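# Overview (structure and organization)
Chain residues, written in single-letter form:
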Amino acid sequence: MYSQAMMQPDPDRHAGFYDGVVSKRFFAWVLDIVLILIVTALIVPFTAFTALFFLPGLFLVVGFVYRWITLTGRSATWGMRLMSIEFLDRNGQRFDAATAFLHTLGYSLSMAFVMPQILSVALMLISARGQGLSDHVLGTVAINSPQR
């Protein structure tokens, strides 16, 4: 079936790895945003509330660090872990720190502009592997987590 030594699962032969992943990614994203908001709110008092003057920037930094660290750790954010999905790189392996950084950078850039975000969502909905824009560029894929 599938092992870490193989390439990414084929969406036609192993469709179970991709079933419901796009909707799970959405719910994971919502959970991650809530977690990032909570962490950001917890940081504000430690800045003597001066962070309120640059709150959007703080939110972006916290979100970037959160995604990079969690994707490096287990190739999934905490929201993704709760939804039982994870990322694989182009070789079918979990993310290393460099791939996690590049994926997070791509995500952050696409979120900064409307058209790339619309394109990313459209690609997730129409591609066989449910890949967003950053996934297509890096050759990564989100799958239902196999039992490891």
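To be clear, the structure that these remarks concern was listed above.
These notes cover the structure that comes with them.

Analysis parameters
- Residues numbered from 1 in each chain as written.
- Predicted model: local features only at pLDDT ≥ 70, side-chain atom pairs only at ≥ 80, totals over all residues.
- Heavy atoms only, no water.
- Helix = DSSP H or I, 4+ residues; strand = E, 2+ residues; numbered from the N terminus.
- Rg over C-alpha atoms; globule rule 2.2 N^0.38 Å.
- Buried < 20%, exposed > 50% of the residue type's maximum accessible area, 1.4 Å probe, protein only.
- Core = buried A, V, L, I, M, F, W, Y, C linked by side-chain atoms within 4.5 Å.
- Contact = heavy atoms within 4.5 Å.
- Salt bridge = Lys/Arg side-chain N within 4 Å of Asp/Glu carboxyl O.

### Concerning the overall build of the protein chain
- Broken down by element type, the protein chain carries six helices and two strands.
- Walking the protein chain from its N terminus toward its C terminus, one meets helices and strands in the order α-α-α-β-α-α-α-β.
- Scaling as 2.2 N^0.38, a compact globule of 148 residues should have a C-alpha radius of gyration of about 15 Å, and the protein chain matches this with 16 Å.
- In terms of overall dimensions, the protein chain has C-alpha extents of about 55 × 35 × 25 Å along its principal axes.
- Out of the 148 residues belonging to the protein chain, those deemed buried represent 40%.

### Observations concerning the nonpolar core
- Among the nonpolar cores identified, the biggest contains 10 residues, and these are Val 21, Ala 28, Leu 71, Ala 76, Met 80, Ile 85, Phe 87, Phe 95, Ala 100 and Ala 142.
- If you list the elements that add at least two residues to this core, you get helix 1 (21-43) and strand 1 (85-88).
- Discounting residues that sit within four places of it in the chain, Val 21 has contacts with Ile 85, Ala 142, Ile 143 and Asn 144.
- Ranked by size, the runner-up nonpolar core spans six residues in total, among them Val 44, Leu 58, Val 62 and Tyr 66.

### Brief notes about the pattern of salt bridges
- The full count for this structure, using the stated rule, is two salt bridges.
- One salt bridge in this structure joins Arg 25 and Asp 135, with 2.8 Å as the shortest N-O distance. Here Asp 135 lies in helix 6 (residues 133-138) and Arg 25 lies in helix 1, a separation of 110 residues in the sequence.
- Owing to a relative accessible area of 14%, Arg 25 belongs among the buried residues under this scheme.
- Arg 94 is paired through a salt bridge with Glu 86; the nearest N and O atoms lie 3.4 Å apart.
- Judged by relative accessible area, Arg 94 falls into the partly exposed class, the value being 30%.

### Points about the environment of Phe 49
- Its location among the elements puts Phe 49 in the loop between helix 1 and helix 2 (55-74).
- Residue class for Phe 49 comes out partly exposed when judged on its relative accessible area of 48%.
- The spacing of Phe 49 and Asn 144 is 95 residues in sequence and 41 Å in space, taken between C-alpha atoms.

### Some remarks on the environment of Gly 79
- Within the secondary structure, Gly 79 sits in helix 3 (residues 78-82).
- Here the alpha-carbon distance between Gly 79 and Leu 102, two residues 23 residues apart in the chain, equals 19 Å.
- When residues no more than four places from it in sequence are discounted, the contact partners of Gly 79 are Ala 28, Leu 31, Asp 32 and Tyr 66.

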